[in-house]
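# An overview of the molecular structure
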Amino acid sequence: MTKYVIVGSGIIGLYTTFQLLEHHIAPHEITVIAEYMPGDESINYTSPYAGGNFSCITGDDPDTLEFDKYTYLNLHRIQKVLGKEAGLDRYPSVELWDRRPAPEKIESLSSYLDQYDVITEKDELDGAEFGIRFLSWNFNCPKFLANFQKYLEKQGVRFVKKRLSHIVQAYGPSTKTVINCSGIGARTLGGVEDKQVYPTRGQVVVIKAPHIMENKMRWGDDYATYIIKRPYSHDQLILGGFIQKDNWTGDTFKSETEDILNRTTTLLPKILLKNPGGDKVEDLEILRVAAGLRPSRHGGARIERESFDEGKVLIHNYGASGYGYQAGLGMAYKAVQLAVAKSKL
Ligand SMILES: Cc1cc2nc3c(=O)[nH]c(=O)nc-3n(C[C@H](O)[C@H](O)[C@H](O)COP(=O)(O)OP(=O)(O)OC[C@H]3O[C@@H](n4cnc5c(N)ncnc54)[C@H](O)[C@@H]3O)c2cc1C
């Protein structure tokens, strides 16, 4: 008998389902309904296109800092039940900022990141005002999503592939709580239609680079350059990127690919070492170029509880923008706390 329905099978829907199980909700009482499931690809399904790792991309508001911290400190629980080869592993990271980040961000990161170290060497800083090293979490996003779904199904959670035109369609006769994890879909889903939701487009280039076993990121005022090792992927390296507000296109562009390759090989020149085709950027072995839409929201992620028709409850959990993997477990924890809070709120 379904008591809880999760709308959405992206990383936010899956983390939220996991948190329901952690809160001792019986798996057979949970159904996930989504138009797109792990293994599908669509510009309306962001999660397969993420880099993805834990980085310092997030802002410095207290909620997001907490979501990051919770996720970073609790991902090992998911790694334990899924197994490493499910697509979640750890690699060293270097992050450089053209301008020093806010003190509250540095204070928060330094309080929990494993192997945290402030970079002082001038040549490593390369003109940046601030830089750190730490041990990150890396996701093989498509593989991780598929294995996560498989794990949840094995526990007894039901997955139903269906497009909803209105949120009321998520309620069955025995459903008491719906958790809306519809990502960019929250903008158009009837009964939600949140016009604060907007896309932030990114393009990535996937290359083969077996010798790179690390991440490196550089954050500027008007650019973001990142290199992300993809675990258990036969040596894929994700190169990015772009952060383009209000750009809805899923098309990819040669000019952006060239820009990404130039920026990333400048940031980490050893990408070009052991290049099967020689040491020229144009000889890199490109496996794929892809674009995705980060589900951003003016005012930040929406994690809220609404009372909805005859004692039924609707919880929202969307707007994870560029940080669904690295902050989403914390977002899901908050959403599930709201869901199990009975009628207190
Ligand atoms: C290029 C790029 C790089 C990124 N890198 C990183 C990174 O390194 N680290 C990180 O943490 N994050 C990263 N992100 C961000 C991350 O991918 C997103 O935050 C995350 O995928 C959002 O997940 P979601 O579950 O909210 O949305 P989605 O993955 O889009 O899932 C939404 C779900 O809702 C369903 N849905 C929507 N509307 C309906 C409807 N009407 N009826 C039925 N189902 C519906 C969809 O079918 C889907 O299943 C990156 C994103 C991009 C584009």
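Predicted model, so just to flag it, every value in this text is computed and none were measured.

When helices and strands are counted, the protein shows seven helices and 15 strands. A globule of 345 residues ought to have a C-alpha radius of gyration of about 20 Å, and the protein, at 20 Å, matches this closely. Counting only C-alpha atoms, the protein reaches 65 × 40 × 40 Å along its principal axes. Buried positions account for 56% of the 345 residues belonging to the protein. Sequence separation of at least 24 residues holds for 76% of the intrachain contacts in the protein that already meet a minimum separation of 6. When the accessible surface of the protein is split by element, carbon and sulfur atoms take 49% of a total near 15,000 Å². Computing the positive centroid from 42 side-chain charges and the negative centroid from 43, the protein places the two 6 Å apart.

In this section: a negative patch on the surface. Taken together, the side chains of Asp60, Asp61, Asp63, Glu66, Glu104 and Glu107 make up a negatively charged region of the molecular surface. When residues of the negative patch are traced back to their parent elements, those giving at least two are helix H2 (62-82) and helix H3 (103-112). Position of glutamate 66 among the secondary structure elements: in helix H2.

The next point concerns the UniProt feature "binding site: D-dopa" (unreviewed entry) in the protein. UniProt records the feature "binding site: D-dopa" (unreviewed entry) for Tyr226, Arg294 and Gly322 in the present numbering. By the element assignment, tyrosine 226 lies in strand S10 (residues 224-229). The buried category is assigned to tyrosine 226, whose relative accessible area is 8%. Positionally, arginine 294 belongs in strand S13 (residues 286-297).

On to the packing of H2 against H3. With their axes 11 Å apart at the nearest point, H2 and H3 run at an angle of 15 degrees to one another. By the angle between their directions, the pair H2 and H3 is classed as roughly parallel. Like other packed secondary-structure pairs, H2 and H3 cross with a definite hand, here right-handed. Contacts between H2 and H3 involve Leu65, Asp68, Lys69, Tyr72 and Leu73 from the former and Glu104, Lys105, Ser108, Ser111 and Tyr112 from the latter. Of the residues that constitute the contact of H2 with H3, the class distribution is four nonpolar, two polar and four charged.

Ranked by internal contacts, the top residues of the largest apolar core, which has 70 residues, are Tyr15, Phe139, Phe144 and Phe148. Not counting the four nearest positions on each side in its chain, phenylalanine 139 is found in contact with Tyr15, Gly51, Gly52, Asn53, Leu75, Gly87, Leu88, Phe144, Arg230, Pro231 and Tyr325. Core analysis: the second largest hydrophobic core is formed by 21 residues, Val94, Ala209, Val281 and Leu284 among them.

Take unusual backbone geometry next. For the bond running from glycine 51 to glycine 52, omega is -10 degrees, close enough to zero to count as cis. Of note, glycine 52 is situated in the loop between strand S2 (30-34) and H2. Non-glycine residue histidine 24 carries a positive phi angle of around 65 degrees. A positive phi angle is found at aspartate 246, which is not glycine, with a value near 65 degrees. Examined against the element boundaries, aspartate 246 turns out to sit in the loop between strand S12 (244-245) and helix H6 (254-267). Assessed through its relative accessible area of 48%, aspartate 246 is described here as partly exposed.

With that settled, the discussion passes to H6. The terminal C-alpha atoms of H6 lie 20 Å apart, and with 14 residues this matches the ideal 20 Å at 1.5 Å per residue to within 8%. Along H6, the residues classified as buried are Glu256, Thr257, Ile260, Leu261, Arg263, Thr264, Thr265 and Leu267.

For the rest of this paragraph, the subject is the pattern of salt bridges. Counted according to the given criterion, the structure contains 18 salt bridges. A salt bridge links lysine 3 to glutamate 29; its shortest N-O distance comes to 3.3 Å. Here lysine 3, found in the segment before strand S1 (4-7), pairs with glutamate 29, found in the loop between helix H1 (11-22) and S2; they are 26 residues apart in sequence, far enough to count as distant. A salt bridge links aspartate 194 to arginine 297, with the shortest nitrogen-to-oxygen separation between them at 2.8 Å. On the criterion of sequence distance, the pair formed by aspartate 194 in the loop between strand S7 (177-180) and strand S8 (197-208) and arginine 297 in strand S13 is long-range, its members being 103 residues apart. The exposure class assigned to aspartate 194 is buried, which follows from its relative accessible area of 8%. Residue arginine 297 is classed as buried on the basis of its relative accessible area of 18%. Three or more residues joined by partner-sharing salt bridges are found here, namely Asp98, Asp126 and Arg218.

Cut-offs applied
- Residue numbers here run from 1 along each chain, matching the order of that chain's written sequence.
- For this predicted model, a pLDDT threshold of at least 70 governs which residues receive local features, and a threshold of 80 or more governs which side-chain atom pairs are given and counted, while totals over whole chains, interfaces and linings are taken from all residues.
- Only heavy atoms go into the side-chain values, all of them from the structure, while hydrogens and water stay out.
- Under the scheme used here, helices are H or I runs from DSSP no shorter than 4 residues and strands are E runs no shorter than 2 residues, and both carry numbers assigned from the N terminus.
- As a reference, a globule follows 2.2 Å times the number of residues to the power 0.38, and the radius of gyration itself is taken over C-alpha atoms.
- For each residue, the accessible area found with a 1.4 Å probe, counting protein chains only, is set against the maximum for its type, and the residue is called buried under 20%, exposed over 50%, and partly exposed in between.
- Residue contacts follow a heavy-atom distance rule, with two residues in contact if any of their heavy atoms lie within 4.5 Å.
- Each accessible area is a Shrake-Rupley estimate made with a 1.4 Å probe; only the visible protein chains count as cover when residues are assessed.
- When charges are counted, Lys and Arg are positive and Asp and Glu negative, with His and the chain ends excluded.
- A charged residue contributes its charge at one atom only: NZ of Lys, CZ of Arg, CG of Asp or CD of Glu.
- Residues enter patches when they are more than 30% accessible in relative terms and free of salt bridges; like-charged ones are connected within 9 Å and nonpolar ones (Val, Leu, Ile, Met, Phe, Trp, Tyr) within 5 Å.
- We define a salt bridge as a contact between a side-chain nitrogen of Lys or Arg and a carboxyl oxygen of Asp or Glu at a distance within 4 Å.
- UniProt positions are given in the numbering used here, feature names are shortened, and annotations may be inferred rather than shown by experiment.
- Interaxial angle, 0 to 180 degrees, is taken between N-to-C directions of lines fitted to C-alpha atoms, where a helix line uses only the stretch in contact.
- Angles below 35 degrees are treated as roughly parallel, those above 145 as roughly antiparallel, those between 65 and 115 as roughly perpendicular, and all remaining angles as oblique.
- Each crossing is labelled by how the near helix is turned from the far one, with a counterclockwise turn of less than a right angle marking it left-handed and a clockwise turn marking it right-handed.
- When residue character is reported, Ala, Val, Leu, Ile, Met, Phe, Trp, Tyr, Cys and Pro are called nonpolar, Asp, Glu, Lys and Arg charged, and the others, Gly included, polar.
- Each nonpolar core is a collection of buried residues, namely Ala, Val, Leu, Ile, Met, Phe, Trp, Tyr and Cys, held together in the definition by side-chain atoms within 4.5 Å.
- Given the number of residues in a helix, its expected span is that number minus one, multiplied by 1.5 Å.

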